[in-house]
Amino acid sequence: MSETVVPKIISDGIEWTDRRLLTANHFEFAGIAYVPSCAEEHQARSHMVRERLLLCAGLKPMPDLSMGKVTVSEGKSYQDILIKGVSIESLPGLKLTGSLFVQKNITAPQPGIICPHGHWLHGRVHQDERGGVIKRCCELARLGFVVFAYDMIGCNDCNDLPHNWEGELRFKGDLAGISPFGLQTVNSRHAVDFLTSLPEVDPARIGCTGASGGASQSWFISALDDRIKAVAPVCMLSAHFMGGCGCEEGPLLRTTGLTSFDIVSALAPRPVLLPSVTGDWTNLNPDYEIPKLKEVYNLYNAAHLVENFHCTATHNYNQNTREHVYAWLVKQLKGIDCGMVIAEDPEVSPAPEMLWLEGKAPAEPDEKSAAEAYEKLAAHYACGVLDTGSDFIKWQRERALLLREILSSSAEMAAKDVVERVSPPTPWKVPGGLAAGRLVSRRMAGDVVPTVHITPDKEIDGQSVVLLAADRSYMEYFADADGAELIAAAMKKRRNLRLSELTGSGCRAGDLKRAIRNSARLGSAFNEPYFTMRVNDLLTVGTLLKERGFTAVQLMGEKSAALAVLAAGALTGMPVTVDLADIDDEVWRDELNYQPLIGRIGGLAGLLLLNIRPGSCFCRPQSKYAMLLKKYGAEISRSGLKSQF
């Protein structure tokens, strides 16, 4: 059929641009401090927060987090405390390193404090007027706490991997669910494991405090670990700033609208102290975030457990702030009210050489050490993901739920109210049938999915339809030989056919030039991936077809559209037919198919296994995928899609 007789079904005007592409969230996007209406709603929301943190940290499904060898030095004496070097095999390819500060001659178990250090220039050995990490730990130990200060990824002795991941390392890590955010979360968990294992520590009295990025780490681990009973995140809580480093923004962490306020709210009703200042993003704490947080805590009659110390200063964890934190931690974990502040000892802090494990500044991470560490981590995280065990149906059910979490966003996955516009007003003839343009949208979502419904002259079944995900313009299916043969095959079999373009393809390709995406603003944490949008496109059209009376919908796709078909099939249980010629896991490199965390369900292999069901057919898979599919009795074809109608 000549291309010239196929009408245009959507305008090129900017007013038809998919609205999902025109809004870019980022770490300075001003959000709302949401207060649940009741304790039950808060508990449900807190559960959602924890599940999101686990997912985006790469901890779903949960890898083996067993700690390896723990090495603790005899310690170096400073005044009346010992400073001990600690090195722990956290995971294959990951180590947990830090310094343990403990008072000499402890006679009974004392409260423990973990201290994530944040983005100070020298990490856990940093000491200056604005941020004295060493001084904080020494003073807490002098007050009778057992303190563990540990390195962030890429800092000081934790030097196999860099702190900032870019390029190939970030790309692979995002897909696999391995990130600085996730690894630091694992190390924070192991920091609590280590501290509570010590005979000098009372495991029922554990606190956590850090500033800036260290404050983010404080509330991440506290939301996930109920062993932490008191939390003092310094100079960080804000509804207009989320955290500007990859260690605070795991892949997809914010795509559901999750805010830092939500995470801190999940700590209720445990006591929190939130020092803030006039000179950074915590400037509105006394007027906005703290009153809102008190409303959350008031659901448990615990508003008094939210405290704030606000002063005129720039971003800091300085002496004034520290002295307020000391008094608060003593009150919360020792039950002793010393007033608002406890003065610091005027003694000079120990030199960094006392804290570095080798007594000198460690080497910086390099490309070789990073590659070796990452490969070990990748193998560890992948272990068991595709292990279906003896209950394949249970594995499918669990991984499908996980996939739904991965693909969830602030826009609902399931279309509940779908609009279908007629465009153009008059159908056009095709050999053996009639074609009609239709634009499909969800009300108020701003999406537009161009589709063509093709009805055979003599329907064999008015209740079944093939939903074909187009990998190119719908016009090409009427113009070139392959596309025309595909449509002709459907008409010959008298099958209803809905041809659907996906985000970024066909006449929607131009939208990508208007899309607002900025990876430097941590795009993978904040913005819905194109792949998620493409899957949503299929779910939306599938919902529409069922609303129009089609009780049996079969998904079909080839080339770059095959992955979205597999994902939609896994979520809906619809049978799929996909042409897998030349398709392997490299297809995730396509920006339209790039989907962070997809490795947690096994990547392409996992999607294939999720679609093994009656009615599904896998055409021309590569040998390694064919072997996997055959193992579970899948239907495999050596022919392309035309033979499958």
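Heads up: the structure comes first, above all this text.
Residues numbered from 1 in each chain as written. Predicted model: local features only at pLDDT ≥ 70, side-chain atom pairs only at ≥ 80, totals over all residues. Heavy atoms only, no water.

The subject of this paragraph is the overall build of the protein. A count of helical and extended segments in the protein gives 18 helices and 22 strands. For a compact globule of 645 residues, the expected C-alpha radius of gyration is about 26 Å, and the protein comes in at 28 Å, within 12% of that figure. By principal-axis analysis of the C-alpha atoms, the protein measures approximately 90 × 50 × 40 Å. Taken across its 645 residues, the protein has 59% of its residues classed as buried. Contacts in the protein between residues far apart in sequence, at least 24 positions, make up 74% of those at least 6 positions apart. Here the protein displays about 24,700 Å² of accessible surface, and carbon together with sulfur accounts for 53% of that area. Side chains of the protein carry 68 positive and 76 negative charges; the gap between the two charge centres is 5 Å. (Helix = DSSP H or I, 4+ residues; strand = E, 2+ residues; numbered from the N terminus. Rg over C-alpha atoms; globule rule 2.2 N^0.38 Å. Buried < 20%, exposed > 50% of the residue type's maximum accessible area, 1.4 Å probe, protein only. Contact = heavy atoms within 4.5 Å. Areas by Shrake-Rupley, 256 points an atom, 1.4 Å probe, with all protein chains shown as cover. Lys, Arg positive; Asp, Glu negative; His and termini not counted. Charge placed at Lys NZ, Arg CZ, Asp CG, Glu CD.)

All told, the structure shown has 11 aromatic pairs when counted by the stated rule. With 5.6 Å between their ring centres and 80° between their planes, Phe531 and Trp588 make a pair best called edge-to-face. Pair noted here: Phe531 is in helix 15 (residues 530–547) and Trp588 is in the loop between strand 20 (576–579) and helix 17 (603–610), with a separation of 57 residues, a long-range link. Accessibility assignment for this pair places Phe531 and Trp588 in one class, buried. (Phe/Tyr/Trp six-rings, centres within 6.5 Å; stacked < 30°, edge-to-face > 60°.)

Across the 11 residues that make up helix 16 (residues 562–572), a large majority, 10, are buried. Within helix 16, burial applies to Ala562, Leu563, Ala564, Val565, Leu566, Ala567, Ala568, Gly569, Ala570 and Leu571. Downstream of helix 16 by one or two residues, Gly573 has phi in the positive range, about 80°.

Mapping Ser99 onto the fold places it in strand 4 (residues 94–103). Residue class for Ser99 comes out buried when judged on its relative accessible area of 0%. A distance of 3.5 Å separates the side chain of Ser99 from the backbone oxygen of Leu355, its partner in a polar contact. Contacts of Ser99, omitting those with residues within four sequence positions, involve Ile83, Lys84, Arg124, Val147, Phe148, Ala149 and Leu355. (Polar contact = N/O pair within 3.5 Å; in protein donor to acceptor, adjacent residues only side chain to side chain.)

The nonpolar side chains of soluble globular proteins are, as a tendency, buried together. Counting 134 residues, the largest nonpolar core has Leu403 and Phe618 as the members making the most contacts within it. By residue number, the principal contributor to this core is helix 16, which donates nine residues. Listed in part, the 37 residues of the second largest apolar core include Ala149, Ala211, Phe309 and Trp356. (Core = buried A, V, L, I, M, F, W, Y, C linked by side-chain atoms within 4.5 Å.)

Another point: the packing of helix 2 (residues 133–142) against helix 8 (residues 319–334). Across the interface, helix 2 lies against helix 8 with an axial gap of 11 Å and an inter-helix angle of 30°. With respect to helix 8, the element helix 2 is oriented roughly parallel. Where helix 2 crosses over helix 8, the two elements pack in a sense that is right-handed. Side by side, helix 2 and helix 8 meet where Lys135, Arg136, Glu139 and Leu140 of the first sit next to Arg322, Tyr326 and Leu329 of the second. For the contact of helix 2 with helix 8, a count of residues per class yields three nonpolar, no polar and four charged. (Axes fitted to C-alpha atoms, helices over the stretch in contact; angles between N-to-C directions. Parallel < 35°, antiparallel > 145°, perpendicular 65-115°, else oblique. Left-handed = near helix turned anticlockwise from the far one by under 90°. Nonpolar A, V, L, I, M, F, W, Y, C, P; charged D, E, K, R; others polar.)

Glancing now at the pattern of salt bridges. Enumeration over the complete set of coordinates arrives at 33 salt bridges. Asp537 serves as the salt-bridge partner of Arg20, at 3.0 Å between the closest nitrogen and oxygen. Of this pair, Arg20 sits in the segment before helix 1 (39–56) while Asp537 sits in helix 15, placing them 517 residues apart in sequence. The exposure classification of Arg20 matches that of Asp537, with both residues buried. (Salt bridge = Lys/Arg side-chain N within 4 Å of Asp/Glu carboxyl O.)

The next thing to look at is the environment of Thr503. Summarising the element assignment, Thr503 is placed in the loop between strand 18 (496–500) and helix 13 (511–514). Of the residues examined, Thr503 reaches a relative accessible area of 4% and is grouped as buried. Spatially, the C-alpha atom of Thr503 lies 5.3 Å from that of Arg534, the residues being 31 residues apart in sequence. Contacts of Thr503, omitting those with residues within four sequence positions, involve Asp18, Arg20, Met533, Arg534, Asp537 and Leu592. Of the polar contacts made by the side chain of Thr503, one reaches the side chain of Asp537; its length is 2.7 Å.

What follows covers the pairing of strand 16 (residues 449–456). Judged by how many residues are buried, strand 16 sits mostly within the fold: seven of eight residues are covered. Sheet topology places strand 15 (residues 433–442) next to strand 16; eight bridges connect them, and they run antiparallel. Bridge pairing in strand 16 links Val440 to Val449. Where strand 15 folds back on strand 16, the antiparallel hairpin that results is connected by six residues, among which Met444 adopts a positive phi of roughly 70°. The sheet contact formed by strand 16 and strand 18 spans four bridges and is antiparallel. The residue bridging Val452 from the neighbouring strand is Leu499, located in strand 18. (Pairing = 2+ DSSP bridges.)

What follows covers unusual backbone geometry. Most of the time, phi is negative for any residue but glycine, and the peptide bond is trans. Across the junction of Lys60 and Pro61, the peptide omega takes the value -15°, indicating a cis bond. With respect to the helices and strands, Pro61 occurs in the loop between helix 1 and strand 1 (70–72). Note that the residue after Ala268, namely Pro269, is joined by a cis bond; omega there is 5°. Following the sequence through the fold, Pro269 ends up in the loop between helix 6 (260–265) and strand 9 (272–273).

The next thing to look at is the side chain of Thr388. Tracing the chain through its elements places Thr388 in the loop between helix 9 (367–382) and helix 10 (392–407). A polar side-chain atom of Thr388 sits 2.5 Å from a polar atom in the side chain of Tyr632. Leave out the neighbours within four places in its chain, and Thr388 touches Trp395, Leu609 and Tyr632.

As for its placement among the helices and strands, Gly603 is situated in helix 17. The exposure class assigned to Gly603 is buried, which follows from its relative accessible area of 5%. Distance from Gly603 to Asp585, taken between C-alpha atoms, is 6.8 Å for residues 18 residues apart in sequence.

With that settled, consider the packing of helix 16 against helix 17. Interhelical geometry of helix 16 versus helix 17 gives an angle of 45° and a closest axis separation of 9 Å. By the angle between their directions, the pair helix 16 and helix 17 is classed as oblique. Considering the relative orientation of helix 16 and helix 17, their crossing is left-handed. Packed against helix 16, whose contacting residues are Leu563, Leu566, Ala567 and Ala570, the element helix 17 presents Leu604, Leu607, Leu608 and Leu610 at the interface. Grouping the constituent residues of the contact of helix 16 with helix 17 by class yields eight nonpolar, no polar and no charged.

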